[in-house]
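Analysis of the macromolecular model
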Amino acid sequence: MYKKTVNLWIQGSVASITEIIGVNPTSTRIKEPYDYWDYSIVSDESGDSITEMLEFLGQIKHSLKLLGNEYQYGVSVTVESDIDTGEVFHHLEPKEMAFLSEINMPVAFHTIKR
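We now turn to the structure provided with this report. What you see is a predicted model; the values in this text were computed from it and never measured. (Residues numbered from 1 in each chain as written. Predicted model: local features only at pLDDT ≥ 70, side-chain atom pairs only at ≥ 80, totals over all residues. Heavy atoms only, no water.)

1. A word on the overall build of the protein chain
Helix and strand content of the protein chain: 3 helices and 5 strands. Seen in sequence order, the protein chain has helices and strands lined up from the N terminus as β-α-β-β-α-β-α-β. By the compact-globule yardstick of 13 Å for 114 residues, the protein chain fits well, its C-alpha radius of gyration being 15 Å. Taken over the C-alpha atoms alone, the protein chain extends approximately 40 × 30 × 20 Å along its principal axes. Burial statistics for the protein chain: of 114 residues in total, 39% are counted as buried. Taking the contacts inside the protein chain whose residues are at least 6 apart along the sequence as the reference set, 74% of them involve residues at least 24 apart. Here the protein chain has roughly 6,900 Å² of accessible surface; of this, 51% comes from carbon and sulfur atoms. Between the centroid of the 9 positive side chains of the protein chain and the centroid of its 17 negative side chains there is a distance of 2 Å. (Helix = DSSP H or I, 4+ residues; strand = E, 2+ residues; numbered from the N terminus. Rg over C-alpha atoms; globule rule 2.2 N^0.38 Å. Buried < 20%, exposed > 50% of the residue type's maximum accessible area, 1.4 Å probe, protein only. Contact = heavy atoms within 4.5 Å. Areas by Shrake-Rupley, 256 points an atom, 1.4 Å probe, with all protein chains shown as cover. Lys, Arg positive; Asp, Glu negative; His and termini not counted. Charge placed at Lys NZ, Arg CZ, Asp CG, Glu CD.)

2. Examining the packing of helix α2 (residues 49-67) against helix α3 (residues 94-102)
Pairs of packed helices are described in terms of their axes, by the angle between the two and the distance that separates them. Interhelical geometry of α2 versus α3 gives an angle of 25° and a closest axis separation of 11 Å. As the angle between them shows, α2 and α3 are arranged roughly parallel. Considering only the axes of α2 and α3, their crossing is left-handed. Mapping the contact onto sequence places L54, L57, G58, K61 and K65 in α2 and E96, F99, L100 and E102 in α3. The residue makeup of the contact of α2 with α3, split by class, is 4 nonpolar, 1 polar and 4 charged. (Axes fitted to C-alpha atoms, helices over the stretch in contact; angles between N-to-C directions. Parallel < 35°, antiparallel > 145°, perpendicular 65-115°, else oblique. Left-handed = near helix turned anticlockwise from the far one by under 90°. Nonpolar A, V, L, I, M, F, W, Y, C, P; charged D, E, K, R; others polar.)

3. What to know about the sheet that holds strand β5 (residues 107-113)
Taken in spatial order, the 5 strands line up as β2-β3-β1-β4-β5 in an open sheet, and their pairing is mixed. Whereas interior strands pair on both sides, the edge strands pair on one side only; in this sheet they are β2 (27-30) and β5. Strand-to-strand twist of the sheet, defined as the mean angle between neighbouring strand axes without regard to direction, takes the value 25°. Where β2 lies against strand β3 (residues 35-44), 4 bridges are found, and the strand directions are antiparallel. Paired with S27 across the two strands is D38, which belongs to β3. (Pairing = 2+ DSSP bridges.)

4. Some words on the side chain of N7
You can see N7 is positioned in strand β1 (residues 2-11). Side chain to side chain, N7 and S40 meet in a polar contact 2.7 Å long. Apart from the residues within four sequence positions on either side, N7 is in contact with R29, D38, Y39, S40, M53, G74, V75 and S76. (Polar contact = N/O pair within 3.5 Å; in protein donor to acceptor, adjacent residues only side chain to side chain.)

5. Some details on the pattern of salt bridges
With the rule as written, the count across this model stands at 4 salt bridges. For E80, the salt bridge goes to K3, with nearest N and O atoms at 3.5 Å. Residue E80 is found in strand β4 (residues 72-81), and its partner K3 is found in strand β1; the two are separated by 77 residues along the sequence. D48 is paired through a salt bridge with K4; the nearest N and O atoms lie 3.6 Å apart. A residue pair is termed long-range when its members are at least 10 positions apart, and D48 in the loop between β3 and α2 and K4 in strand β1 qualify at 44 residues. For K4, a relative accessible area of 1% gives the class buried. (Salt bridge = Lys/Arg side-chain N within 4 Å of Asp/Glu carboxyl O.)

Structure (structure tokens):
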């Protein structure tokens, strides 16, 4: 069994980011010297949080462009698994990779054994 957490993070003023994006964060991280605005989607093996995040990014892509160079952002994908085999949890299709490139979105992948 596994759990996937996909998190869009944006570094900067939480209030400004919320206003620009037009969506409330699912969580925030208030740290010195930078604050983080986070929007996370979690799924188990019956769901697909990666596809859901790609759909969400499609909905806010014009707002992301308004962030310009003033904000750093990215997506992290974390898979927590108790399976010892190399199970595939998602294939990034060429159109998905092209979309992520179009919106200049870096993606980090993490795996954690439970």
